[in-house]
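# Summary of the model geometry
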Amino acid sequence: MNRAAPIPLTIVAALCIGLAARAAGEFSRRQAPVAEPAELVLFPSGRMLAEMSLGHPQLLADAAWLTAIQYYGKHRLTDRRYPLAPQIFEVITQADPGFRNAYLFGALVTAEDGNPAAAEALLRRGLERNPGSWQMHFELGFFLYVYRRSMPEAARAFEQAAALPDAPEYVRRFAAASWERAERPEIALRLWEEIAVRTDNAEVRRIAESHRRALGAAGAARATPDPAGRGR
Amino acid sequence: MTPILSLARHTLIDALRERLLRMLALFLVVLLLATRLASPLALGEGRRVTLDLGLGLLSLFGFLLVMLLGTRMVQQEVEGRTILLVLARPVHRIEFLLGKLLGLLGVVAIGLAGMLGILALALLTAGYAVDASLALAGLCAFLELTIVSALAVLLAASTSPILSAFLLLALYVAGHLLHGLLEMARLVSQPLLAGALKGVFHLLPRLDLYSSALQAVHGTPLSAGTVLWGVAYAALYTAGVLGLALLVFRAREFA
C-alpha cells in the first residue's frame, strides 16, 4: 500500500485549510450584509423560561443572567444606554425569584439608564419575594437615599435591614445617620445608643458616643426656653 | 477512479436501502404539520414561515443524515470485516476515504433534492410561488453539508461512532456560532489570546456563511461570483479535512 508521507500531507492539509480561510473571507465579504435582528427579540418571558427548564429554573435564570451581563457590557462599552434592562432583569427574577443579585444589579443598571421608578419597582419586588434578606432592605434603603433623597423612607429600610439576623453592624449606623438627616433625632439617638452598647469596636463606639453627645446637646438646646422669646 | 466510484456506490446503495426513505417521510410529515400549524398564525407571512421552516428542517435533517450515516461508516466496515477485504485489494486509503465521502455526498444530494421537492410541493399546494432561489438555497445547504460530511469522515476515521457523533454535533454548533469568537478576540486585551481565538476561528468550519447565503430565498441578491467563492471554500476546506482524515486513517491498523 502506498502511504503518503505524513509531513507533506500535513503541509497540504494545512495549505488547503489556510486557502479555505481566505476563500471564506471573500465569500463573507461578498455576501450582502444581513440586517441584525432586533436586540434580544427572542428573549423569552420568565414564566416561559421556568416552564422550559423542566424543574431547573435556576439554570436558565443563570443563562439569562449571563445574557444580561453581556448586554450590559456591550452597551457599557458603546452607548451607555440600557433600555431593555428592566425587561431582562424582570425575566431573570421571574424565573428565579431568589436571585438577589439580579434585583440589585438590575436596579443599578436601570437607575443608571435614567429610569429610577423601574429600578425601585424591581427592588421592591425583590423585597416582596425575599423579605428575610437584609441585603434587599439595605439596597432599597441605599437606593432611596441616593436616588430619591427620601431620608425617612431610606432610614426605615435601613432599620428594617438592621433588625434582620446576619445584618452587619454598619447597617444600623446607616439607619441612625439617615434618621438624623431625616430630622428625627429621637430615633437617631436611640439607634446610636444601641450601637454604642452593642459594638466591640472601640472606634465605632467613639463615633456612636460622639453622635449621641451631639444629638443630646441639640436636644437640650431645643428644650431650653429662649429668653428673648424667639422660639415662640 | 474505479475503486472510489464502486465504494461510493456501495455507500449510497446501503443508505438508500432504508434510512434515507424513512428520513424523507419524516421530513414530509414534520414539514406539513409545522407549516399547517404555523402559517395561519403568521398574519400574511405564510410563505415566509413555510420557507423558513422548510429550509430550517432541511438543514437539520441533512445534518442528522450525515451524522447518522457518516460517523458509523468506517466502524461498520471494521465490524463486518469488509475493510480487510477492501484494503487487501490495490485500494489506497485515500481512495477508501474519498469513496466513502462521495457516497455520503450522493446520499446528501438525493436527500436534499427530495426534501426541496417536498418543500416546493408544500409551497405550491398552499398557493405560494416557487422560484429559482429555492435551488440556490439547496446548493448552499449542499455545500454546508459537504463540509460537515468531510468532518464526519475525519471523525469516523479517528474515533468511535458515538464520540464522532458528539464531536460532529459540537463542530456543527460551533460552526454556526463563530461570530462570537471573533467578537471575543476583538474584546480581549492580551494579543496572544486574541491571536489564538482568531486561529480557532479560521480553523473551525464557517458553516454560518451558508446560513447567511440562504437569505437568497428572501430576495437578498447572491451573485454568481459569491456562489463560486462559497464553492471554493467548501472544496478547499473539504480537501484539507480529508488530508487530515488520511493522516489519521493511514496510522490505523486493522487486524
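Residues numbered from 1 in each chain as written. Chains lettered and ligands numbered in written order. Predicted model: local features only at pLDDT ≥ 70, side-chain atom pairs only at ≥ 80, totals over all residues. Heavy atoms only, no water.

## Brief notes about the pattern of salt bridges
Oppositely charged side chains can form a pair if their charged atoms are brought close together. For clarity, the cut-off: Whenever a carboxyl oxygen of Asp or Glu lies within 4 Å of a side-chain nitrogen of Lys or Arg, that contact is scored as a salt bridge. In DSSP terms, a helix is any run of H or I states spanning at least four residues, a strand is any run of E spanning at least two, and both are numbered starting from the N terminus. Between buried and exposed lies partly exposed: a residue is buried under 20% and exposed over 50% of the maximum accessible area for its type, with that area taken using a 1.4 Å probe on protein chains only.
Counted by the stated rule, this structure contains 18 salt bridges over all chains. Notably, a salt bridge pairs Glu26 of chain A with Arg29 of chain A, separated by 2.5 Å at the nearest N-O pair. Taken together, the positions of Glu26 of chain A and Arg29 of chain A, both in helix α1 (residues 6–30) and 3 residues apart, correspond to about one turn of that helix. As a salt-bridge pair, Glu183 of chain B and Arg186 of chain B come within 3.4 Å of each other at their nearest N and O atoms. Pair noted here: Glu183 of chain B and Arg186 of chain B are both in helix α9 (residues 178–187), with a separation of 3 residues, about one helical turn. Residue classification places Glu183 of chain B among the partly exposed residues on the basis of a relative accessible area of 41%. Relative accessible area serves as the criterion here: at 59%, Arg186 of chain B is assigned to the exposed category.

## Concerning the interface of chain B and chain A
A common way to express how large an interface is: the accessible area buried when the components associate. Using the following cut-off: Note on definitions: a residue-residue contact is assigned when non-hydrogen atoms from the two residues lie within 4.5 Å. What gets called buried area is simply the loss in accessible area from a 1.4 Å probe that two parts show on being joined, summed for both. For this analysis, a polar contact is any N or O atom pair within 3.5 Å, provided that within protein one partner can donate a hydrogen and the other can accept it, and provided that sequence-adjacent residues contribute only side-chain to side-chain pairs. Residues were grouped as follows: Ala, Val, Leu, Ile, Met, Phe, Trp, Tyr, Cys and Pro as nonpolar; Asp, Glu, Lys and Arg as charged; and all remaining residues, including Gly, as polar.
Between chain B and chain A, the residue contacts involve 34 residues of the former and 23 residues of the latter. Buried surface at the junction of chain B and chain A, both sides included, amounts to about 2500 Å², of which 75% is carbon and sulfur. Contact with chain A buries area across many residues of chain B, yet Trp229, Leu236 and Arg250 of chain B alone supply 25% of it, more than any other trio. The interface formed by chain B and chain A contains 0 salt bridges. Counting the contacts that link chain B with chain A gives 0 residue pairs in polar contact (both at pLDDT 80 or more). Sorting the residues of the side of chain B that touches chain A by element identifies α10 (191–203), α11 (207–213) and α12 (224–250) of chain B as the ones contributing at least two each. Considering each element in turn, the side of chain B that touches chain A owes the most residues, 16 residues, to α12 of chain B. Partitioned by chemical class, the residues of the side of chain B that touches chain A number 19 nonpolar, 11 polar and 4 charged.

## So, helix α9 (residues 169–181) of chain A
Residues and elements named next belong to chain A. Formally: Each helix should span, by expectation, one fewer than its residue count multiplied by 1.5 Å. To be clear, the arc concerns the directions from the helix axis to the C-beta atoms.
Helix length check: α9, at 13 residues, gives a terminal C-alpha distance of 19 Å against a target of 18 Å (1.5 Å per residue), a fit within 8%. Among the residues of α9, those classed as buried are Val171, Arg172, Ala175, Ala176, Ser178 and Trp179. Around the axis of α9, the buried residues are gathered within 165° of arc, so they sit on the same side. Taken together, the buried residues of α9 touch α7 (134–148), α8 (151–163) and α10 (185–198). A positive backbone phi angle near 60° is found at Glu183, which sits one or two residues after α9.

## With respect to the confidence of the model for chain B
Note the cut-off: Confidence of the predictor in every single residue is expressed as pLDDT, which spans 0 to 100.
On average, residues of chain B score 84 in pLDDT, and 91% of them reach the 70 mark or higher. Both confidence scores are given for the complex: pTM 0.61, ipTM 0.71.

## Some details on the packing of aromatic side chains
Put simply, the rule reads: Each aromatic pair joins two rings of Phe, Tyr and Trp (for Trp, the six-membered one) with centres within 6.5 Å, and gets the label stacked for planes under 30 degrees apart, edge-to-face for over 60, and tilted for any other angle. We call a charge positioned above a ring when the Lys NZ or Arg CZ atom is no farther than 6 Å from the ring centre and deviates by at most 35 degrees from the ring normal.
Enumeration over the complete set of coordinates arrives at 21 aromatic pairs over all chains. Measuring from ring centre to ring centre gives 6.4 Å for Phe138 of chain A and Phe142 of chain A, while their planes differ by 25°; the resulting arrangement is stacked. Of this pair, Phe138 of chain A and Phe142 of chain A both sit in helix α7, 4 residues apart, which is roughly one turn of that helix. Classification of Phe142 of chain A by relative accessible area gives partly exposed; the value is 38%. Residues Tyr170 of chain A and Phe174 of chain A carry aromatic rings whose centres are separated by 6.1 Å and whose planes lie at 65° to one another, so their mutual orientation is edge-to-face. Residue Tyr170 of chain A and its partner Phe174 of chain A are both found in helix α9; the two are separated by 4 residues, about one turn of the helix. Since its relative accessible area comes to 33%, Tyr170 of chain A is described here as partly exposed. Given the relative accessible area of 32%, Phe174 of chain A is considered partly exposed. Members of the aromatic cluster, each reached through a chain of ring pairs, are Trp65, Tyr72, Tyr82, Phe89, Phe99 and Phe105 of chain A. Taking the ring centre of Phe249 of chain B as reference, the NZ or CZ of Arg93 of chain B above it sits at 5.4 Å.

## Focus on the side chain of Lys100 of chain B
Relative to the helices and strands, Lys100 of chain B resides in helix α6 (residues 93–125). Those residues within four positions of Lys100 of chain B in sequence are excluded, and the remaining contacts are His10, Thr11, Met73 and Glu77 of chain B.

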